[in-house]
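If you want the building blocks of each chain, they are given just below.
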Amino acid sequence: MRLGFLIFTCCLALVFSAPVSLAQVQAEDTAPEAEISPDKGDREARLSLADEMLKLNPPRDQVRAAIEGYVKLKLSLAPEATKEKFRSAMSAILNYKALEEISREAYADIFTREELEAMVEYYSKPAAKSAGEKMGELNGRIAPEIVKMLDQALMRARTSPKR
């Protein structure tokens, strides 16, 4: 069961990191070499842009995609009733409103206004939306390989002679 939780956690991390990673690559292309830190004087603007990001990529949708990925990965052979019970249990436990507020604050704390503007611009494009929808599929292919590698590394660590 711990492995299942690890996989689910990895899936969540991958789902939440995908939009940020794509936007960071775009922002890095235009950002100066020096590290940019968020200007505390424009917090309201950053919060407003964070709200836009949450509209474009709602945390609720990200969590549902992560849950669905877990169901496909770990419960693929289970009866549909078991899958639905799992989906319902996860959805009932999670506090989406709190997750939205945490996400909003994190966007505003981490990114500059310019970075958020670039992210909103990027994710407003149809091609970016399409790419975002495919991230679950991409993560679905990558996550099992990561888990296999972690399992192999853990097994080697446990069985290798102590130094």
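Residues numbered from 1 in each chain as written. Predicted model: local features only at pLDDT ≥ 70, side-chain atom pairs only at ≥ 80, totals over all residues. Heavy atoms only, no water.

**Here's the deal with the overall build of the protein chain**
Of regular secondary structure, the protein chain possesses 7 helices and 0 strands. Mapped from its N terminus to its C terminus, the protein chain presents α and β elements in the order α-α-α-α-α-α-α. For the protein chain, buried positions account for 30% of its 163 residues. Across the protein chain, the fraction of contacts at a sequence separation of at least 24, relative to all contacts at a separation of at least 6, is 82%. Surface exposure of the protein chain reaches about 10,900 Å², of which carbon and sulfur atoms provide 59%. (Helix = DSSP H or I, 4+ residues; strand = E, 2+ residues; numbered from the N terminus. Buried < 20%, exposed > 50% of the residue type's maximum accessible area, 1.4 Å probe, protein only. Contact = heavy atoms within 4.5 Å. Areas by Shrake-Rupley, 256 points an atom, 1.4 Å probe, with all protein chains shown as cover.)

**Let's talk about the nonpolar core**
Core analysis: the largest hydrophobic core is formed by 11 residues, namely L49, A50, M53, L54, Y107, F111, L116, M119, V120, Y123 and A128. Mapped by element, the contributors of at least two residues to this core are α2 (43–56) and α6 (113–123). If near-sequence neighbours (up to four positions away) are discounted, A50 is found in contact with R104, Y107 and A108. Counting residues in each nonpolar core, the second largest holds 8 residues, with V63, I67, V71 and Y96 among its members. (Core = buried A, V, L, I, M, F, W, Y, C linked by side-chain atoms within 4.5 Å.)

**A word on the packing of helix α3 (residues 59–74) against helix α5 (residues 96–110)**
Two elements in contact, α3 and α5, have axes separated by 9 Å at closest approach and are oriented at 115°. One element, α3, and the other, α5, form an angle in the roughly perpendicular class. Contacts between α3 and α5 involve P59, R60 and V63 on the former and, on the latter, Y96, L99, E100 and S103. Taken together, the residues of the contact of α3 with α5 break down into 4 nonpolar, 1 polar and 2 charged. (Axes fitted to C-alpha atoms, helices over the stretch in contact; angles between N-to-C directions. Parallel < 35°, antiparallel > 145°, perpendicular 65-115°, else oblique. Nonpolar A, V, L, I, M, F, W, Y, C, P; charged D, E, K, R; others polar.)

**Considering the side chain of R46**
Mapped onto the secondary structure, R46 falls in helix α2. Within the local environment of R46, its side chain forms a polar contact with the side chain of D42, the two groups lying 2.8 Å apart. (Polar contact = N/O pair within 3.5 Å; in protein donor to acceptor, adjacent residues only side chain to side chain.)

**Points about the pattern of salt bridges**
Counted under the stated rule, the structure contains 14 salt bridges. For K148, the salt bridge is made with E145, and the minimal N-O distance between the two is 3.4 Å. Taken together, the residues span about one helical turn, with K148 and E145 both in helix α7 (residues 126–159) at a distance of 3 residues. The partly exposed category is assigned to K148, whose relative accessible area is 46%. Residue classification places E145 among the partly exposed residues on the basis of a relative accessible area of 37%. What you see here is one network of salt bridges that share partners, running through D42, R46, R113, E114 and E117. (Salt bridge = Lys/Arg side-chain N within 4 Å of Asp/Glu carboxyl O.)

**Looking at a nonpolar patch on the surface**
Together, L138, I142, I146 and L150 make up a nonpolar patch on the protein surface, roughly 300 Å² of accessible area in all. Along the chain, L138 falls in helix α7. On the basis of relative accessible area, L138 is assigned to the partly exposed category, the value being 40%. (Patch = residues over 30% accessible without salt bridge, like charges linked within 9 Å, V, L, I, M, F, W, Y side chains within 5 Å.)

**Let's talk about the confidence of the model for the protein chain**
Chain-level pLDDT for the protein chain is 81 on average; 75% of the residues reach the 70-or-more range. Here residues 10–16 scores under 50 on pLDDT; set against residues more than four positions off or in separate chains, the count is 13 contacts. The model gives residues 20–28 a pLDDT under 50, and that stretch makes 11 contacts with residues more than four places away or in other chains. (pLDDT = per-residue confidence, 0-100.)

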